[in-house]
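Structural overview
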Amino acid sequence: MKRLLALVIPLVLTGAPAFAATPPPHHETGTRTTHTGHAAAPERASRARQPAGKLPVDVVVDSISPSYLQQSSETLRLKGQVQNQSDNAYQRLTIRLVYSTQRVGSRGALQAYADGRTADPALLGKTQVVPAAAQPGGHQPWALALPVSRMHLPGFGVYPIAVEAVNSVNQVVGRQRTLITYFPKYTFGEKTRVSWVWPVIDQPHRADDSTFVDDRLERALGAGGRLNDLVTAAASPSYKAVSWLVDPALVDDAAQLANKDGYSVKDAHKPKSATAQAWLQTLRNSLVGKNVIATPYADPDVMALSRAGLGQHVKTAVDAVPSALGRANMPLENTTVAVPPDGAADQRTLNDLVKAGAGTILLNSTVLPNLQAQSYTANPQTTKKINGKNVRLIAYDDTISKVLAAETGEPGGALLAEQRFLAETAMITSELPANPRTVVIVPPRRWSPGATFAKDLLKFSARAPWMRMAPLGAVAKQRKSEPRTFVPPKSQNGLSKRYLKPVKDLSLEAWRFTTVFQPPASGFTLGVARAESSAWADQTRSGLRLRQTLETQLRAAQDKIKVLNDRFDLAGKSGQVPITVSNGLEHGTVKIKLRAVSQNDTRLHVEGPGEKQSEITLEAGHKETVNLYMKAAANGPAYVYLDLLGPDDKPFTTTRVLTVRATAYGRTALLITGISLAVVCVGVGYRVIRRRGDEAEDTTGG
């Protein structure tokens, strides 16, 4: 019996010849009709019996035309491909379109259908046999068409449809769900205002200001690159209502690539990037007449910084915006509107954003829900007093953001996301047709939609009959405030305190080094902001590499401002010791102080340089000598610690140890010389006297 079952079960699943007595493929709608003319449910296998998990046949929908329906005289056309991903061969494999005349009742029901938690449509439309896909690994394109008049759709709404693959016993072995929106002409309904915030943001590509840590940015700026697609998709003057969210660090990096002297990637020098220059010009042209919001420099993870007690760093990143945009020849953009990463904030984050100058803050609708609006999508704006200031809080739609975050690079992925976008916006309109509302859309931070998908979304927003584009400024000016509740996220997503602790230490070191310059500026202040970018929230290793590179570059720069001496022989027990200080940097004038401290003041006393000599101003590539007075109490080596100090009188570089060897050689040498001279003089005198005596003796004898 067990052997028999083992043979029979595979035959049932694959639709083998023993169970091939199935009806021939249906024509037209392929279903029986009732006396009302509506299609009756086809005879189908119970879905409760179908295996859970991934089905063995992959069904992909590549196109739906039209994207939404407006009249019953139209024909709904779907195209795609089907592939048998199993090891089983099917006797017959058929593709069929199924639909429903029941509108989706709410956005929650829409989500449930998309998640596969509700029943599939029950009405059968067109079918097509796909014999090439019946074999293991078999693949075949398909095309189905259905007159809208045969669907008997009752009116404006969103309707579930699906394309299914069935075997010869009518069992579903593959399925792809999607949605179709029907908005017949003369439908009553006030259009939903759609306000886009278009992100042009990337991850930092430099550690300090001078050297790139990778060479990936140029590819993203070129034809077919993510950033090029984003800019060109929204560049049309007809999309004036679109607000742009631009990271100044991105345009700053692009400007550095386009520098006439070229740029450096690690240890390699490259010529000026024509690609970056062209992209910057396209961006400048695209922003003319548009509302542009600037993120703080490098788009920092503001909530993580606030939670780590680094809220002042948010203000520093905001203050860096004007100069960064200036280097890219971009006009100063709006920094009073804040859009924290993922729309997440707690109370400390709001406080820090307001301190940094924010007057309007965009948050995720899960952080700013309207708990009273259970059956409809509420308008996005409310107000909240923060730091004694009335601040506008605007909620952007979390569900639509997640729809846009779908993997559109997979076959059929972009189409499914488009249909879902149309369905979500249509549902908002249908909830309260007489009450027009606004929905704010903020795609994912580093969105990669592809050029076609991005253009389609904006085209639908401008042309679909149930919505129209609206600028973010119009949303902010709405007088009526919604009773939205601020619900701070409890999760600790984003940069961890463990990651930020060394960044905090590095920021203090970089600040101390920066203050020695005249004026106080260096390529490391912005490097700290780059290490705090929200890009590293899910790329911790990349963030660590950038931070470590910044630390290495800072150490190397610090070491170029140094004391050159490391030993000195003190001829005698006291004297002046010349100390040479060098600025080996290629750029930048520094103003520093020299501090000298003896390791053992009893053995070797050091009198530091006078007040005028202590302050040293050095241009790049220059040196200066400072004299120290030292007095030794004993012969032998002694040690002096030499520090270079910044304006806060604290060392900004490594302490130099000077070895001083004191000796009494000076006095001893004088004594020996004196005795030697005396001996010589005595010897010479003795010889002179003796010679004269000899001469007198010779004279007498003569």
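Before any of the text, the structure's been laid out above.
In this report, we go over the structure that sits alongside the text.

Each value, and the rule that gives it
Residues numbered from 1 in each chain as written. Predicted model: local features only at pLDDT ≥ 70, side-chain atom pairs only at ≥ 80, totals over all residues. Heavy atoms only, no water. Axes fitted to C-alpha atoms, helices over the stretch in contact; angles between N-to-C directions. Helix = DSSP H or I, 4+ residues; strand = E, 2+ residues; numbered from the N terminus. Parallel < 35°, antiparallel > 145°, perpendicular 65-115°, else oblique. Left-handed = near helix turned anticlockwise from the far one by under 90°. Contact = heavy atoms within 4.5 Å. Nonpolar A, V, L, I, M, F, W, Y, C, P; charged D, E, K, R; others polar. Buried < 20%, exposed > 50% of the residue type's maximum accessible area, 1.4 Å probe, protein only. Arc of directions from axis to C-beta. Pairing = 2+ DSSP bridges. Core = buried A, V, L, I, M, F, W, Y, C linked by side-chain atoms within 4.5 Å. Salt bridge = Lys/Arg side-chain N within 4 Å of Asp/Glu carboxyl O. Polar contact = N/O pair within 3.5 Å; in protein donor to acceptor, adjacent residues only side chain to side chain. Phe/Tyr/Trp six-rings, centres within 6.5 Å; stacked < 30°, edge-to-face > 60°. Lys NZ or Arg CZ within 6 Å of the ring centre and 35° of its normal.

Axis separation between helix H4 (residues 226-233) and helix H13 (residues 451-463) bottoms out at 9 Å; the angle between their running directions is 25°. Judged by the inter-axis angle, H4 sits roughly parallel to H13. When you trace H4 past H13, the crossing you get is right-handed. Together, Asp 229, Thr 232 and Ala 233 of H4 and Ala 451, Ala 454, Lys 455 and Leu 458 of H13 make up the contact between the two elements. In terms of residue class, the contact of H4 with H13 is built from four nonpolar, one polar and two charged.

With that settled, consider unusual backbone geometry. Following Ser 65, the chain continues into Pro 66 via a peptide bond in cis, with omega recorded as -5°. Mapped onto the elements, Pro 66 comes out in the loop between strand S1 (57-65) and strand S2 (75-84). With an omega of 0°, the peptide bond between Gln 518 and Pro 519 qualifies as cis. We note that Asn 329 has phi near 60°; this positive angle belongs to a residue other than glycine. One can find Asn 329 in the loop between helix H9 (321-327) and strand S14 (337-338). A relative accessible area of 57% places Asn 329 in the exposed class. For Asp 649, which is not glycine, the phi dihedral falls at a positive 60°. Tracing the backbone through its elements, the reader meets Asp 649 in the loop between strand S27 (636-645) and strand S28 (656-663).

Moving on, we get to helix H8 (residues 311-319). Looking at H8, one finds that the buried residues are Gly 311, His 313, Val 314, Ala 317 and Val 318. Seen along its axis, H8 keeps its buried residues to an arc of 150°; they face one direction.

Our next topic: the sheet that holds S28. Consider a sheet: its strands pair through backbone hydrogen bonds, and that pairing is either parallel or antiparallel. The strand order S21-S28-S27-S23-S25 describes an open sheet built from five strands, whose pairing is mixed. Each having just a single partner strand, strand S21 (567-571) and strand S25 (615-618) make up the two edges of the open sheet. Averaged over all adjacent pairs, the angle separating strand axes in this sheet is 30°, with direction ignored. Here strand S23 (residues 590-598) runs beside S25; their pairing, made up of four bridges, is antiparallel. The residue bridging Val 590 from the neighbouring strand is Leu 618, located in S25.

If you look at the biggest cluster of nonpolar residues, it comprises 70 residues, and the most contacted ones within it are Trp 196, Trp 198, Trp 244 and Trp 279. Among the elements that line this core, the one with the most residues is helix H12 (residues 413-431), at seven residues. Each residue touching Trp 196, except ones within four places of it in the same chain, is listed here: Val 242, Ser 243, Leu 404, Phe 421, Ile 441, Pro 443, Trp 447, Leu 457, Leu 458, Ser 461 and Met 469. Residues Ala 510, Ile 561, Val 590 and Leu 644 belong to the second largest nonpolar core, which totals 69 residues.

Bringing the pattern of salt bridges into the picture now. Within this structure, the stated rule accounts for 31 salt bridges. Among the salt bridges present, the one from Asp 120 reaches Arg 175, with a minimum N-O distance of 3.3 Å. Placement of the pair is Asp 120 in the loop between helix H2 (107-114) and strand S4 (123-129) and Arg 175 in strand S7 (residues 172-182), with a sequence separation of 55 residues. For Asp 120, a relative accessible area of 12% translates into the label buried.

Let us look at the side chain of Gln 419. Along the chain, Gln 419 turns up in helix H12. A polar contact of 2.9 Å, which involves the side chain of Gln 419, links it to the backbone oxygen of Leu 179. The residues contacting Gln 419, other than those within four sequence positions of it, are Ile 64, Ser 67, Thr 178, Leu 179 and Ile 180.

Right, let's get into the environment of Glu 532. In this fold, Glu 532 is placed in the loop between helix H16 (525-531) and helix H17 (540-559). Assessed through its relative accessible area of 2%, Glu 532 is described here as buried. A C-alpha to C-alpha distance of 7.6 Å links Glu 532 and Leu 500, two positions 32 residues apart in sequence. Apart from the residues lying within four places of it in its own chain, the contact partners of Glu 532 are Pro 300, Asp 301, Leu 305, Leu 310, His 313, Leu 495, Leu 500 and Val 503.

Let us look at the sheet that holds S1. One open sheet accounts for three strands, arranged S1-S2-S5; its pairing is antiparallel. With one partner strand each, in any of the chains shown, S1 and strand S5 (139-147) form the two edges of the open sheet. On average, each strand axis in the sheet is inclined to that of its neighbour by 25°, with strand direction left out of account. In terms of strand pairing, S1 meets S2 through eight bridges, oriented antiparallel. By the bridge assignment, Ser 65 is partnered in S2 with Arg 77.

Describing an aromatic ring pair means giving the distance of the ring centres and the angle of the ring planes. With the rule as written, the count across this model stands at 13 aromatic pairs. Consider the rings of Tyr 68 and Phe 460, whose centres lie 6.4 Å apart with planes at 75°: the pair is edge-to-face. With Tyr 68 in the loop between S1 and S2 and Phe 460 in helix H13, this residue pair connects regions lying 392 residues apart in the sequence. Residue class for Tyr 68 comes out buried when judged on its relative accessible area of 15%. Among the residues examined, Phe 460 registers a relative accessible area of 6% and is labelled buried. Grouping aromatic residues by their ring pairs yields a cluster made of Tyr 68, Phe 156, Phe 183, Phe 460 and Trp 466. Positioned over the ring face of Phe 212 is Arg 206, at 5.7 Å from the centre of the ring.

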